[in-house]
Amino acid sequence: MDNHAFGNGGVKVAANGHADNRSVASSVMNSTETLETDSDVKNITASERGKWGRDIEFMLSCIAYSVGFGNIWKFPYTALENGGGAFLLPYLIVLFIVGRPIYYLEMVLGQFSSRGVVKLYDLAPAMRGIGVAQSVGMFVVLTYYAPVLAITFRYFVASLSTTLPWSLCDPSWTNCVNSSFVGQLNASNTSVTLQSSAELYYLKTIINKAPSLYDGLGTPDWKLTLCLLFSWVVVAIILMRGAKSTGKASYFLAIFPYVIILILLVQTMTLDGAMTGIMYFLTPQWDKLLTVKVWYEAVSQCFFSLSVCYGGIVAYSSFNNFRNNVHRDAVIISWLDTFTSIIVGCIVFGVLGNLAHVTGQTDIQKLATKGAGLTFMTYPDAISKFEFLPQVFAALFFLMLFIVGVGSNLGVTTSIITAIRDQRPDIKHWHVVLGTAIIGFLSGLVYLTPGGMDFLDVIDDLGAKHVTLTFAVLELAAIAWIYGVDRICRDIKFMLRIETSIYWRLCWGLIAPLATLLIFLFSIVNIKLQDVPTQYNVLGLSIYALAILQLPIFYIYAMHRRRSRHDESLRQSAQNSLEPLAVWGPEDDGIRLQYQMEEEQYQKTHPVPSSVVQRIKKRMFNMD
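Nothing here was measured: the structure is a model prediction, and the numbers come from that model. (Residues numbered from 1 in each chain as written. Predicted model: local features only at pLDDT ≥ 70, side-chain atom pairs only at ≥ 80, totals over all residues. Heavy atoms only, no water.)

## Side note on the overall build of the protein
Part 1 of the reasoning: Scanning the protein from N- to C-terminus turns up 22 helices and two strands.
Part 2 of the reasoning: Looking at the protein residue by residue over its 624 residues, the buried ones come to 57%.
Part 3 of the reasoning: Taking as baseline every contact in the protein between residues at least 6 positions apart, the subset at least 24 positions apart corresponds to 81%. (Helix = DSSP H or I, 4+ residues; strand = E, 2+ residues; numbered from the N terminus. Buried < 20%, exposed > 50% of the residue type's maximum accessible area, 1.4 Å probe, protein only. Contact = heavy atoms within 4.5 Å.)

Structure below.
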């Protein structure tokens, strides 16, 4: 550690240039009376956080976390529905001014503080409700991510059959056409609608879908239940030793899917009609750029694909070494995530192009279905028509999907585990992992019922997406304007020894908060409840309300703690509760003391300007 990284501050320095540990430890112990609660002291002295074995393991784990279902089934359809190749332009713009800056910001804060998404708000304790609410949203995701993973594994196992089971109609199915049939489905001579065997296989054999939630949820499918159990066992085993075991698994979870993607891409390019489908996917429809919906979808896709504002990035980066170059990691991962989305989109629509070719369908748009339908109905239907080893192609695709799903689920679960361990470091790590896995398994069973997928749509929309978008706005406001862009930049300089450019400052302080706020308002104005029984919408709205209530509850709690310990007025406690706790800073005692001394010295030499304009200028553009 270079000497110039720290200020003078009067700390005794050893011959090797580092602060003397005994002197530092004594200073830290003498300062504990300024801490807010006894539990804060406990978290500093007793908590032993795991660390990544190597810096590369952090980057690979983030890749495995960010590259998931959103890249494979959400991005291709969203792009097609919103202008095809033209969607890439707003998506790349949003990635550049919103997605990547937030990704880097969360990496910086997690690494700097070694805290999860809840304890992160030691930087402004009145805002801790943001972290709690994000954990609520992440828990909702945790309940339904593994069930989708279970369906994926069920398809992988089915792909190993001698004949793909979805390629042929079951005798009990009516109005069914074998997916292995090469030709155009023609229902012109009958009043009934024909369905492919792949579609009916998913609806009747895999999920046994009920007509609607008005028919009730039903009971879980036993085969999917076993697949769900297997999925959680895999996740629990990997997480059992914390960052060490997750980091080792990341080499496989992050790299092997790209091997499969490369094989699938090469295979797809050899299919008849594949280029037609790919060009259909990439051809711009420029008129759609003028609609607000396209930009809304671009921001939503960016949040969903990069997994920002959920807490997983903060949790993963909290296990980093203090000097790890997260600036480099954020740039690499954000571009790689986009590149993956485009490549997978080419694979999916290349296969759809082949499907259009063999069926005689001229409108590829009619072949593409939304979300799970694209992955579990349209894609298997197309694979069934392959002349050469369709089982291999199917097995590779669903294996890739399962692997990237496991990688993403690790990040989701790690966020919850880290939030719990930050509050209760006395609980053993493996106890928290086991408890989380059991709760995740039991809560996931509801999605494996006949009405489970419809229930998932309700819970995902109100309990996850809207919670995440709401608190993304509040997260940016709290960090950029309460804690301050200028202080974030000083933290980065202290940690990484690099200056922060005006690009990052403008994105954090102005562009990203404004863009996110506008998209949030658009989503609220255009919110539509699902056509389901009232109690399900009430449940989804209750989850959203529960998340919203965390903000005033924790603000009031923070004020109460200050007033019970200090002789402050209501106004003073409200203002001071937005100031960082005395324990805020790097995890290491010596480094934290040096940081606090430098920050105190800075505050003395850089008083707060009296005018609002000067305050904004200092916060946004001050390069000191």
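So much for the structure itself; the text now carries on.
## Looking at helix H19 (residues 534–565)
Part 1 of the reasoning: Between its first and last C-alpha atoms H19 spans 46 Å; for 32 residues at 1.5 Å apiece the expected length is 46 Å, and the two agree.
Part 2 of the reasoning: All buried positions along H19 are accounted for by Tyr-536, Asn-537, Gly-540, Ile-543, Tyr-544, Ala-547, Gln-550, Leu-551, Ala-558, Met-559, Arg-561 and Arg-562. (Expected span 1.5 Å × (residues − 1).)

## Quick look at the UniProt feature "binding site: Na(+)" (unreviewed entry) in the protein
Part 1 of the reasoning: On the UniProt side, "binding site: Na(+)" (unreviewed entry) is annotated at positions that read Val-67, Asn-71, Ser-305 and Ser-408 here. The greatest C-alpha distance among the residues just named is 11.3 Å, despite their covering 342 residues of sequence, which places them together in space.
Part 2 of the reasoning: For Val-67, the location among the structural elements is in the loop between helix H3 (55–66) and helix H4 (69–81).
Part 3 of the reasoning: When its relative accessible area of 7% is taken as the criterion, Val-67 is described as buried. (UniProt positions renumbered as here; feature names shortened; annotations may be inferred.)

## Description of the state of the cysteines
Part 1 of the reasoning: Applying the stated criterion to the full structure yields one disulfide.
Part 2 of the reasoning: A sulfur-sulfur separation of 1.9 Å characterises the disulfide bridge that pairs Cys-169 with Cys-176. Disulfide Cys-169 to Cys-176: torsion about the S-S bond roughly -85°, handedness left-handed.
Part 3 of the reasoning: Relative accessible area serves as the criterion here: at 23%, Cys-169 is assigned to the partly exposed category.
Part 4 of the reasoning: The cysteine Cys-302 is free of any disulfide, with Cys-309 supplying the nearest cysteine sulfur at 10.0 Å.
Part 5 of the reasoning: Residue Cys-302 is classed as buried on the basis of its relative accessible area, which comes to 1%. (Disulfide = S-S within 2.5 Å.)

## Some thoughts on the environment of Ser-245
Part 1 of the reasoning: Structurally, the position occupied by Ser-245 is in helix H9 (residues 243–269).
Part 2 of the reasoning: Judged by relative accessible area, which is 15%, Ser-245 ranks as buried.
Part 3 of the reasoning: Separated by 192 residues in sequence, Ser-245 and Gly-53 place their C-alpha atoms 9.0 Å apart.
Part 4 of the reasoning: Those residues in contact with Ser-245 that sit more than four places away from it in its chain are Ile-238, Leu-239 and Met-240.

## Examining the environment of Ser-196
Part 1 of the reasoning: Inspection of the secondary structure puts Ser-196 in strand E2 (residues 195–196).
Part 2 of the reasoning: C-alpha of Ser-196 to C-alpha of Ser-167: the two residues are 29 residues apart in sequence and 8.5 Å apart in space.
Part 3 of the reasoning: Not counting the four nearest positions on each side in its chain, Ser-196 is found in contact with Cys-176, Val-177, Ser-179 and Asp-381.

## Here's the deal with the packing of aromatic side chains
Part 1 of the reasoning: Per the counting criterion, the structure on display carries 41 aromatic pairs.
Part 2 of the reasoning: Aromatic side chains Tyr-104 and Trp-508 sit 5.7 Å apart centroid to centroid with 35° between the ring planes, which places their arrangement in the tilted category. Residue Tyr-104 is found in helix H5 (residues 85–113), and its partner Trp-508 is found in helix H18 (residues 502–525); the two are separated by 404 residues along the sequence.
Part 3 of the reasoning: Taking 4.8 Å as the distance between ring centres and 90° as the angle between the ring planes, the aromatic pair formed by Phe-386 and Phe-393 counts as edge-to-face. Phe-393 shares its class with Phe-386; the two are buried.
Part 4 of the reasoning: A network of ring pairs unites the aromatic residues Tyr-155, Trp-166, Tyr-201, Tyr-202, Phe-376, Tyr-379, Phe-386, Phe-393, Phe-397 and Phe-398 as a single cluster. (Phe/Tyr/Trp six-rings, centres within 6.5 Å; stacked < 30°, edge-to-face > 60°.)

## Observations regarding the environment of Thr-378
Part 1 of the reasoning: Within the secondary structure, Thr-378 sits in helix H14 (residues 372–383).
Part 2 of the reasoning: Taking C-alpha positions, Thr-378 is 9.1 Å from Ser-196, a pair spaced 182 residues apart along the chain.
Part 3 of the reasoning: If we skip the residues at most four places from it in the chain, Thr-378 touches Leu-352, Leu-355, Leu-367, Thr-369 and Gly-373.

## Overview of the packing of H5 against helix H17 (residues 452–496)
If you want to describe how two helices pack, look at the angle between their axes and the distance between the axes.
Part 1 of the reasoning: Orientation of H5 relative to H17, taken along the N-to-C sense of each, is 65°, at an axis distance of 10 Å. Seen along the crossing, H5 lies across H17 with a hand that is left-handed. For the pair H5 and H17, contact is made by Ile-102, Tyr-104, Leu-105, Glu-106, Val-108, Leu-109, Gln-111 and Phe-112 and by Glu-475, Leu-476, Ile-479, Ile-488, Asp-491, Ile-492, Phe-494, Met-495 and Leu-496, respectively.
Part 2 of the reasoning: When grouped by side-chain class, the residues that make up the contact of H5 with H17 number 13 nonpolar, one polar and three charged. (Axes fitted to C-alpha atoms, helices over the stretch in contact; angles between N-to-C directions. Left-handed = near helix turned anticlockwise from the far one by under 90°. Nonpolar A, V, L, I, M, F, W, Y, C, P; charged D, E, K, R; others polar.)

## Some details on unusual backbone geometry
Part 1 of the reasoning: Although it is not a glycine, Asn-208 sits at a positive phi angle of roughly 50°.
Part 2 of the reasoning: Of the residues examined, Asn-208 reaches a relative accessible area of 45% and is grouped as partly exposed.
Part 3 of the reasoning: Residues other than glycine seldom take positive phi values, yet Ser-307 does so here, at roughly 60°.
Part 4 of the reasoning: Given a relative accessible area of 9%, Ser-307 falls into the buried group.

## A short note on the pattern of salt bridges
Part 1 of the reasoning: Counting across every chain of the model gives 17 salt bridges.
Part 2 of the reasoning: Where Asp-486 meets Arg-490, a salt bridge forms, and the shortest distance between an N and an O atom there is 3.7 Å. Of this pair, Asp-486 and Arg-490 both sit in helix H17, four residues apart, roughly one helical turn. Arg-490 matches Asp-486 in its accessibility class, with the two residues each being buried.
Part 3 of the reasoning: In this structure, the salt-bridge partner of Arg-592 is Asp-589, at a minimum N-O distance of 2.8 Å. Here the residue Arg-592 and the residue Asp-589 both occupy positions in helix H21 (residues 589–605), the gap between them amounting to three residues, near one helical turn.
Part 4 of the reasoning: Overlapping salt bridges bring together Arg-115, Lys-119, Asp-122 and Arg-128 as one network. (Salt bridge = Lys/Arg side-chain N within 4 Å of Asp/Glu carboxyl O.)

## Here's the deal with the side chain of Gln-111
Part 1 of the reasoning: Note on placement: Gln-111 falls in helix H5.
Part 2 of the reasoning: The exposure class assigned to Gln-111 is buried, which follows from its relative accessible area of 0%.
Part 3 of the reasoning: Within the structure, Gln-111 has its side chain in polar contact with the side chain of Asn-320 (distance 2.8 Å).
Part 4 of the reasoning: For Gln-111, the side chain forms a polar contact with the main-chain oxygen of Phe-322, separated by 3.0 Å.
Part 5 of the reasoning: Discounting residues that sit within four places of it in the chain, Gln-111 has contacts with Ser-317, Ser-318, Asn-320, Asn-321, Phe-322, Arg-323, Asn-324, Val-326, Met-495 and Leu-496. (Polar contact = N/O pair within 3.5 Å; in protein donor to acceptor, adjacent residues only side chain to side chain.)

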